[in-house]
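Structure assessment
If you want the building blocks of each chain, they are given just below.
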Amino acid sequence: MDLQLSGRTALVTGAASGIGAATARELAREGARLVLVDLDKQGLADVAAEIEIETELDTRDGPRHVEVTADLATAEGVAAAMREALAATGGVDILVSNAGVCPWRTLAQLTDADWRATWELNFMGTVRAVTWLLPGMVRRGRGAIVITASDLARQPEAAPADYQVSKVSLVSYMKSLAIEAAPVRVNAVAPGPTWTALWDRPGGIADDLSRRHGLPPAAAVDHELRLRQLPLGRIGQPAEIASVIAFLASDRASYVTGSVWGVDGGSIRGLF
């Protein structure tokens, strides 16, 4: 499907890996110019290089895509990133606010500092980026914002509570923003279990499940998904989330705003 994104500029946060990197690749295939934002400078460079090779971009006059290394967990970091992005592009048409953290801790383990750290990046990082970019979209009379939420925002587990609370807040914020920001469209995706660094990094969810179930990490993940009776019976891949994000960012979704799109393998059983 041609999403008609040629000539559009899309800013993707958390673009160095996982869902953010997959989204950047998908938007680039659809012709969008990218601003890639992440704390991981090398990861950004790797993703940008992969995109340029895959899309066969002519970089003789300089790279098509902009890489911005920034800590989005602080107001100063967001401001610096957005200033650099706007100076380089003149304006952003699409914001994919995807950056976030999810250390796996029980309620008893969480400290005040842990709650604040998760909140500052997962929630305030989005709010601050929108504050910078939305006025330009409104002036131009068009734009799209897609926020990465989680199935855990609608169906919480015992842990990780700080992550879940931040994602619930993002869904509520998205709903309010969709009303106020029109004609700019604002939506959220709510991924279910997705094979990203959150799962496969040392000390990530796969290792936690391995300890709990007494199985190797990959086998423990499969066992956990069977216990949860996930209808599709497998973990998702970042590209599967990215394709839905790209659709929501495009004019193909021109009558879609204020919605939460579950991309979760059927993990949510409720009606709403």
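See above for the structure.
If you're wondering where the values come from, they're calculated on a predicted model, not measured in any experiment.

**Description of the overall build of the protein**
Helix and strand counts for the protein stand at nine helices and seven strands. Over its C-alpha trace the protein gives a radius of gyration of 18 Å, about what one expects of a compact globule, namely 19 Å for 272 residues. Its C-alpha atoms give the protein principal-axis dimensions of roughly 55 × 40 × 40 Å. Taken across its 272 residues, the protein has 53% of its residues classed as buried.

**Here we look at unusual backbone geometry**
Backbone torsion omega between Ala-159 and Pro-160 reads 0°, so that peptide bond is classified as cis. Within the fold, Pro-160 resides in the loop between strand 5 (144-148) and helix 5 (161-181). Following Ala-182, the chain continues to Pro-183 via a peptide bond in cis, the omega torsion being 15°. Summarising the element assignment, Pro-183 is placed in the loop between helix 5 and strand 6 (185-191). Positive phi outside glycine occurs at Gln-4, with the angle close to 55°. Structurally, Gln-4 can be placed in the segment before strand 1 (9-13). A positive phi angle, close to 55°, is found at Gln-229, a residue other than glycine.

**What about a nonpolar patch on the surface?**
On the surface, Leu-107, Trp-115, Trp-119 and Val-165 cluster together into a nonpolar patch covering about 350 Å² of accessible area. By the element assignment, Trp-115 lies in helix 4 (residues 112-140).

**Considerations on helix 1 (residues 18-29)**
Taking 1.5 Å per residue, 12 residues should reach 16 Å; helix 1 reaches 17 Å between its end C-alpha atoms and fits that length. Counting buried residues along helix 1, nine of its 12 residues qualify, which places the element largely inside the surrounding structure. What helix 1 keeps buried is the set Ile-19, Gly-20, Ala-21, Ala-22, Thr-23, Ala-24, Glu-26, Leu-27 and Ala-28. Packed against the buried residues of helix 1 are strand 1, strand 2 (33-38), helix 2 (41-54), strand 4 (94-97), strand 6 and helix 9 (238-249).

**Topic: the packing of helix 7 (residues 205-213) against helix 8 (residues 217-227)**
Close contact between helix 7 and helix 8 brings their axes to 8 Å; oriented N to C, the two are set at 80°. Here helix 7 is positioned roughly perpendicular relative to helix 8, judged by the angle of their axes. Here Ala-206, Asp-207, Leu-209, Ser-210 and His-213 of helix 7 lie close against helix 8, whose contacting residues are Pro-217, Ala-220, Val-221, His-223, Glu-224 and Leu-227. Split by residue class, the contact of helix 7 with helix 8 holds six nonpolar, three polar and two charged.

**Here we look at the environment of Arg-25**
Summarising the element assignment, Arg-25 is placed in helix 1. On the basis of relative accessible area, Arg-25 is assigned to the partly exposed category, the value being 23%. Between the C-alpha atoms of Arg-25 and Ile-245, which are 220 residues apart in sequence, the distance is 12 Å. Not counting the four nearest positions on each side in its chain, Arg-25 is found in contact with Val-47, Glu-50, Ile-51 and Glu-54.

Calculation rules
- Residues numbered from 1 in each chain as written.
- Predicted model: local features only at pLDDT ≥ 70, side-chain atom pairs only at ≥ 80, totals over all residues.
- Heavy atoms only, no water.
- Helix = DSSP H or I, 4+ residues; strand = E, 2+ residues; numbered from the N terminus.
- Rg over C-alpha atoms; globule rule 2.2 N^0.38 Å.
- Buried < 20%, exposed > 50% of the residue type's maximum accessible area, 1.4 Å probe, protein only.
- Patch = residues over 30% accessible without salt bridge, like charges linked within 9 Å, V, L, I, M, F, W, Y side chains within 5 Å.
- Areas by Shrake-Rupley, 256 points an atom, 1.4 Å probe, with all protein chains shown as cover.
- Salt bridge = Lys/Arg side-chain N within 4 Å of Asp/Glu carboxyl O.
- Expected span 1.5 Å × (residues − 1).
- Contact = heavy atoms within 4.5 Å.
- Axes fitted to C-alpha atoms, helices over the stretch in contact; angles between N-to-C directions.
- Parallel < 35°, antiparallel > 145°, perpendicular 65-115°, else oblique.
- Nonpolar A, V, L, I, M, F, W, Y, C, P; charged D, E, K, R; others polar.

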